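Coordinates in review
The primary structure of each chain is shown beneath.
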Amino acid sequence: MASALLALAAGNPAMAAEGKAVETIVVTGTRVTDLLTNVPNSTSVISLDDIKAQNRASVLDLLRSVPGLQVTQPGGRGGVASVFIRGGEPNFTMVMVDGIRVNDPNNTRGGSFDFSTLNAADVERIEIVRGPQSAIYGSDALSGVINIITRGRAEAFGAGVLAELGEDQYGRAALELSGPATAHSGFSLRVATVDDGDATLGNSYKSNSVSGKFSLGARERWDLRLFGRWSDNEGSSFPEDSGGPRLAVLRSLDEKTSEDFSAGVAGNIALPRDWQLNFTASRYEHEDSYVSPGVAPGLRGGVPPNGARSELDRATFSVHVVGNVSERLRATLGVDLHDEEGASDGFVEFFPGFSLPSGFTLNRDVTGVFGEFQYQPKNTLTLLASVRHDEPDEESGETTTKFGGLYDLNEGRTTLRANWGEGFKLPSFFALASPLVGNPDLRAEKSESADIGVTQRFMDARLATTLTVYRNEFTDLIDFDFNLFTNVNRSTVIAKGAELEFDYALRPALGLLAEIMYLDLDVKDSDLPLRQRPKWRGSVALRWDPAADWLVDATWFHVGETFDSSVPTDGLMLSGYNRLDTTVTWRPSETVDLLLSVGNLLDKNYEEAIGFAAAGRRARLAIRYRF
């Protein structure tokens, strides 16, 4: 019950009243416990049931109703999409796939991740932790962590097929095999493809992926898990800041391709006195290339034609022990080793026939040692403390700490939560080494955050409300200095906000989730607001089982007016918008689901970025078949 109430924005509200929520999961943001009920972090979990019921076209669409998050996807999946957590930049969020870090320090966006490369059909669960998590994971987690977990093995052998077609040439398909291999092992293998069609002018996106998992052991003394993923992606769009299909002077498109490969092994070994040794080793390889026609000058200076081909190779090894020091104290101690190498070969064409190279090669090794402690002086109070030191091979070391507390009152009817933490992000390879704008003397960007939350349950826990207020301070932010024509550390941003959530099970077959987010940003030494971060945002989601074989899921989104900027227009305010997405599922048999999904059901016209109109009403029809 309590885990569902801590993850209000992501679970099925009808499940909370029935006490069916998953109680034990692998929680992102801690290594000392796997019980969400014992974690004070502001955490949301999007479960497999949510993913199936919503049947969103992309992972980004799954994230739109999570408290504290703002998602923008100008024009479609072929363009540059962004996820902002509590006002932080997109590259302030650490993104993991099956626990493997996938942020790209080669790109010009400072190390953010392109969520378009993920197929929602591959995903089993998404865990979102808000607030800095560097005391757990090290660099990159200034605003929070998003961990995407791909589909795993089933208890019994079986296969599944997903086939989906939609308007504007949309198509998606997936094939899955999973089950036990022996009495103590199991596997899953999934192949998926998606074509986003042509819902908006100039935008296209195609992706193919293969993912698999194999587990060995699950015995009394040890467990071993192997996992891997490959994806190949290509897309096109009008250049960022060009004014999109409505305003771009140059009508040529950005063309991009990317390929991702990740593989890892993880396991645990039982030690004496009920302690356990956990280990993970992984490798992540990312290749991408793009060619852009640039942007013609407007009210701001233009962008010359440019392009690049880059490669990233990252190896990670982590080992830690975890166990009970005493009846009330649990601890974990460990070490992480990260080795990453980035290379880019690019160009910038300042005028026809004259181009300058913009390539670089950089390698970075980081060793991190950490400890985390969970203390429960009584059953209703949980205290969590973390400390970590990261030592890059050629940069100054960083020590970060984090503290949190969780207190249950009135036999669980009231829960108080508080967190304080520090974060840091090492400069990206592009920011350090670009021959045009790089600065090897850049310092790490920093964050300090505090939040306080209270959850109150009413009507035998059928209604739960959660209010969270927070303050984030980001310092030493990397910015481009036009006078020096290089990157510098100079900006400070303070983000203050509140998140109000409601989880109401009106009846066993009808549930309602709602969230409202307020964000106030203070950019020191600047009069301009930050882009694409609305002051107000909210959503209301309804899930209804009108009959045994039917399920209706509907989500209404509201995004308030938002500041944005483009080359043709400079800065201006975009109007707020409303959007309604629906999915109706009919299960004619135990093995077949038929789904009708309609995005932007009311066919609202709006722009998430200047000149990039969002797709209008778009219907998709899908079949899921299990055998």
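Residues numbered from 1 in each chain as written. Predicted model: local features only at pLDDT ≥ 70, side-chain atom pairs only at ≥ 80, totals over all residues. Heavy atoms only, no water.

Side note on the overall build of the protein chain
A tally of regular secondary structure across the protein chain gives 7 helices and 34 strands. For 627 residues, the compact-globule formula gives about 25 Å, and the C-alpha radius of gyration of the protein chain, at 24 Å, lands near that figure. Dimensions of the protein chain along its principal axes, counting C-alpha atoms only, are 70 × 55 × 50 Å. In the protein chain, the share of contacts with a sequence separation of at least 24, taken over all contacts with a separation of at least 6, comes to 62%. (Helix = DSSP H or I, 4+ residues; strand = E, 2+ residues; numbered from the N terminus. Rg over C-alpha atoms; globule rule 2.2 N^0.38 Å. Contact = heavy atoms within 4.5 Å.)

Quick notes on the side chain of Asn306
With respect to the helices, strands and loops of the structure, Asn306 is situated in strand S15 (residues 306-324). Of note is the side chain of Asn306, whose polar atom sits 2.9 Å from the backbone oxygen of Pro304. Leaving out residues up to four positions away in the same chain, Asn306 has contacts with Tyr290, Val291, Ser292, Phe347 and Val348. (Polar contact = N/O pair within 3.5 Å; in protein donor to acceptor, adjacent residues only side chain to side chain.)

A few points about empty space enclosed by the protein
In total, this model carries 10 cavities of 30 Å³ or more according to the counting rule given. Put simply, the largest cavity is a space of about 430 Å³. Lining the largest cavity are 31 residues, and of these Ala57, Asp61, Arg579, Ala615 and Arg618 sit closest to its centre. If you list the elements that add at least two residues to the lining of the largest cavity, you get strand S30 (577-589), strand S31 (592-599) and strand S34 (618-626). Of the residues forming the lining of the largest cavity, the biggest block, 4 residues, is contributed by S30. Per-class residue counts for the lining of the largest cavity are 6 nonpolar, 15 polar and 10 charged. (1 Å grid on protein atoms, 1.4 Å probe; cavity = no way out; pocket = protein on both sides within 12 Å on 5 of 7 lines; lining within 4 Å. Points joined across faces, edges and corners; volume = space filled by probe spheres on them. Nonpolar A, V, L, I, M, F, W, Y, C, P; charged D, E, K, R; others polar.)

A closer look at the sheet that holds strand S7 (residues 144-150)
If you walk across this open sheet you meet the 5 strands as S1-S6-S7-S4-S5, and the pairing is mixed. The sheet is open, and its two edges are formed by strand S1 (42-46) and strand S5 (100-101), each paired on a single side. Examined bridge by bridge, S1 and strand S6 (residues 123-130) share 5 bridges and lie antiparallel to one another. For Val45, the partnering residue across the bridge sits in S6 and is Glu127. (Pairing = 2+ DSSP bridges.)

What to know about the pattern of salt bridges
Here the structure, examined in full by the defined rule, presents 43 salt bridges. A salt bridge links Arg125 to Glu127, with the nearest nitrogen and oxygen atoms 2.8 Å apart. For Arg125, a relative accessible area of 16% gives the class buried. Note that Asp593 is salt-bridged to Arg587, the shortest N-O span being 2.7 Å. (Salt bridge = Lys/Arg side-chain N within 4 Å of Asp/Glu carboxyl O. Buried < 20%, exposed > 50% of the residue type's maximum accessible area, 1.4 Å probe, protein only.)

Some thoughts on the packing of aromatic side chains
One pass over the structure, following the stated rule, counts 12 aromatic pairs. Between Phe92 and Phe474 the ring centres are 5.3 Å apart and the planes differ by 35°, which places this aromatic pair in the tilted class. Highlighted residues: Phe92 in the loop between strand S3 (82-85) and strand S4 (93-97) and Phe474 in strand S23 (residues 463-481), separated in sequence by 382 residues. Considered together, Phe92 and Phe474 belong to a single accessibility category, that of buried residues. (Phe/Tyr/Trp six-rings, centres within 6.5 Å; stacked < 30°, edge-to-face > 60°.)

Notes on the pairing of S3
Along S3, one buried face is formed by Ser82 and Phe84 and the opposite face, lined by Val83 and Ile85, is buried too. Across 4 bridges, strand S2 (residues 69-72) lies against S3 in antiparallel orientation. If you follow Gln70 over to S3, its bridge partner there is Phe84.

Things to note about the environment of Thr28
Mapped onto the elements of the fold, Thr28 is located in the loop between helix H2 (13-18) and S1. Given the relative accessible area of 3%, Thr28 is considered buried. Ignoring any residue separated from it by four or fewer positions in sequence, one finds Thr28 in contact with Asn41, Met96, Glu127, Val129, Tyr137, Val145 and Asn147. Among the polar contacts listed, one links the side chain of Thr28 to the side chain of Glu127, at a separation of 2.5 Å. Reaching out from Thr28, the side chain makes a polar contact with the side chain of Asn147 at a distance of 3.3 Å.

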